[in-house]
Every structure is written in C-alpha cells, then in structure tokens.
Amino acid sequence: MNAIVSCNEVIRRIDAGAVVIDVMTPEEYAIRHVAGAKNACIYEMVFLDHMAEQVPDRDTELIVYDATGTTRAAELARERLLQAGYSHVSVLAGGLAAWRGAGLPVEGDQQAIVTEAELRDGTYRIDIEKSTLEWIGRNLNKRHNGSISVQTGELVIADGKLSAGTIVLDMTTISNADLQDPDWRVMLIRHLISDDFFGAERYPTASFTLNGWEAQAEASPEAPQGIVTGELTIRDVTRPISFPATVAPQQDGSIQAHAAFDIDRTLWNVCYGSCRLFEHLGMHLVHDMISLELFIVARRA
C-alpha cells in the first residue's frame, strides 16, 4: 500500500470503506475539514486513545491528513498508528490544502475562522504576575534552582519583530525551589542575597536592555526565533550579551517570550566559590556558569 496517496485515490478508497482522519487540533477541525473525516489530534497524548474509540477495528483502512503536507504531523500520525497495530494507513498528499485546491467537499463552521496571531507593532508592558526568571546554580555535588521576580519592563515590536526592550529583576526576591528543609532554604537564600553573591541590599535590581534582534533562518511565524543582543547589568556591572529567544504572538493580542542561556557569573563580580579566583575551596566550590531561563508575558500598552 502506498504511504502517500492523491486526492483522487482518497475518493476511490473512501468509496471502498476507508476512514479519513484529520490529525489537526479540534479548533482547526471545527473550522474546516474533509467532508466525513473524523478528528484525532496528533499533538495530544490521548491521540491513540481517541483513535481506538473512533476506529476500534485495526484492520480498517485509514487515510490521515494535516493542513498542508509540509510538516511531519500526518507522517507522525501514520507512524504511531502503524505501531499501534493499524495495518493499512496512508497520508493524503498535500493535506487539506490540496483537497480544497481540487475543489473537493469540506465541512465545518467556516465563519469561525480566527485570524492568525501576529506580532503587531507597538510597546508591550510586561505582566509581572505571569513573568519570571528561573535560575540553576551548580557545584561538584549538587545543583540548586529557584526564581527571581520581574519588577517591571517592556518589549517593543517594530516592523513585525522584536526591536527593543527592558527587563528589570527584583534581586531581593531570589527564591529556592529544591531544598525541602526550610532552615536550609532560608540559609541558601540569605547566602545568595548577601555580598557573597548578588549583594541585593546594595544592588536591589538587575536589568537587561535589549537593543537588537536577528531572526533565524526559516523561523516559524507562529513562534519566531532569533538572537537577542543587549546589555546585562548585575551588581552595577554592565556587559554585552546575546542569546537565542523565541517570541510568540497570542490570539488575545499579548505576546509571550522565552529564552534559556548560561552566563559566567564572575564577569559580573559574582565571584564566591570560583576555582578560577580562589584555591583550596573544598565543599565551597561553585561552578562559574549559571543557567537562566526567562518566561515573559507582555501586553500592549
């Protein structure tokens, strides 16, 4: 059996009893789908459970399709179904786009079509309740992790891309998430807030100023990826930095941004336990690299 079949071949197989499966999200299926097709979203963990409910007979011939046939969605669905014991599974060449292009019948509430989310130009204020910076620090024996609250900030979209912005962190909010003993947790936080590390009493904030964005090749418009450049200030030391980031427009007009990267803390005078700067540290050795992960939600001002 051919893995890829044309629209005309699908029509012939439907007449012979084949079942067509739309593997896109329920929302996309509700808007428009091949007439008579069933829906089981390949992105959901219960994909095979839904298939077992809708087509319990593993010998039934199946034809799966996605939006355009240009991604792995339908191909992955076919692989999963074959692994699950469905013996006759094919993929509609070109997906729903090819079916519509051939003028073949579709169903759905086409009036419910939602405009694609896009990065609209403007200034977006960061939602400090839904945004945070997570950190990981390590030594030879273990690692610790926690978060730091965002105090304020904004992102600027110009010409459909991230172009500027500021993020201010409240260093007095450093928290720890891995230590279960409250006394040890308090001790670690006090250690991090002290002059040993971030000196939060003297330097209560840290900040990042974004001054550039270079889009990565073949970035998806659904979640554009690029390299952010700017200046990071910690303990009143400002240094240039760049890191990969993703910016995703949301249907409600907000944007979400995510970045994960490492910094050498000693470049910002966070020097406690660095074996490059001290010797015979024993249990007090702390790796120089800190992992940071930024989660941002921002709304148009």
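Residues numbered from 1 in each chain as written. Predicted model: local features only at pLDDT ≥ 70, side-chain atom pairs only at ≥ 80, totals over all residues. Heavy atoms only, no water.

**What to know about the packing of aromatic side chains**
Test applied: Pairing of aromatic side chains here covers Phe, Tyr and the six-membered ring of Trp, requires ring centres within 6.5 Å, and sorts the geometry by plane angle: under 30 degrees stacked, over 60 edge-to-face, intermediate tilted.
Considering all chains together, one arrives at 4 aromatic pairs under this definition. Members of the aromatic cluster, joined through ring pairs, are Phe197, Phe198 and Tyr272.

**Description of helix H1 (residues 7-15)**
Our working definition: Only protein chains enter the accessibility calculation, which uses a 1.4 Å probe; a residue whose area is less than 20% of its type maximum is buried, one above 50% is exposed, and one in between is partly exposed. Helix and strand assignments come from DSSP, with helices taken as H or I runs of at least 4 residues and strands as E runs of at least 2, each series counted from the N terminus. Think of the arc as the fan of directions from the helix axis to the C-beta atoms. Here, residues are in contact when the closest pair of their heavy atoms is within 4.5 Å.
Of all the positions in H1, only Cys7, Val10 and Arg13 are classed as buried. Here the buried residues of H1 occupy an arc of 120° about the axis, which is enough to place them on one side. Relative to its buried face, H1 has exposed residues pointing more than 90 degrees away, namely Asn8 and Asp15. For H1, the secondary structure elements touched by its buried residues are strand S1 (4-5), strand S2 (19-22), strand S5 (62-65), strand S6 (89-92) and helix H5 (95-101). Count one or two residues on from H1 and you reach glycine 17, which has phi positive near 110°.

**Observations concerning the confidence of the model for the protein chain**
In plain terms, the rule: As a per-residue quantity, pLDDT reports the predictor's confidence and falls between 0 and 100.
This prediction gives the protein chain a mean pLDDT of 93; 95% of its residues lie at or above 70. Taking the mean pLDDT of every element in the protein chain, the minimum, 92, falls on helix H2 (residues 26-31) and the maximum, 98, on S2.

**Some points on the nonpolar core**
As a reminder, the rule being used: To qualify as a nonpolar core, a set must consist of buried Ala, Val, Leu, Ile, Met, Phe, Trp, Tyr and Cys residues joined through side-chain atoms within 4.5 Å.
Ile263 and Ile296 are the most contacted members of the largest nonpolar core, which totals 45 residues. Discounting chain neighbours no more than four positions away, the residues touching isoleucine 263 are Leu232, Ile234, Ile241, Trp268, Asp288, Met289, Ile290 and Leu292. Judged by nonpolar contacts, the second largest core, of 17 residues, contains Ile21, Ala40, Ile42 and Val64.

**Quick look at the packing of helix H3 (residues 47-54) against helix H4 (residues 73-83)**
This is how it is decided: To get an axis, fit a line to the C-alpha atoms, keeping to the stretch in contact for a helix; angles then go from 0 to 180 degrees between the N-to-C directions. For classification, angles of less than 35 degrees are called roughly parallel, those exceeding 145 degrees roughly antiparallel, those between 65 and 115 degrees roughly perpendicular, and all remaining angles oblique. Crossing handedness is defined as follows: a turn of the near helix away from the far one that is anticlockwise and smaller than a right angle gives a left-handed crossing, while the clockwise case is right-handed.
Look at H3 against H4: their axes get within 11 Å of each other, and the N-to-C directions meet at 65°. Compared by their axis directions, H3 and H4 come out roughly perpendicular. Once H3 is placed against H4, the crossing between them reads as right-handed. Contact with H3, carried on its side by Phe47, Leu48 and Met51, involves Ala77, Arg80 and Leu81 of H4 and no other residues of that element.

**Description of the side chain of threonine 60**
Counting through the fold element by element, threonine 60 comes out in the loop between H3 and S5. Aside from chain neighbours lying at most four places away, what touches threonine 60 is Val19, Val55 and His88.

**Here's the deal with the pairing of S6**
In plain terms, the rule: A pair of strands is labelled paired if DSSP reports no fewer than 2 bridges between them. With strands facing away from the observer, any crossover in which the path from the first strand over the helix to the second runs clockwise is taken as right-handed.
Where burial is concerned, the two faces of S6 agree: the one with Val89 and Val91 and the one with Ser90 and Leu92 are both buried. Pairing geometry for S5 and S6, over 3 bridges, is parallel. By the bridge assignment, valine 64 is partnered in S6 with valine 91. Taken together, S5, H4 and S6 constitute a β-α-β crossover, and its handedness is right-handed.

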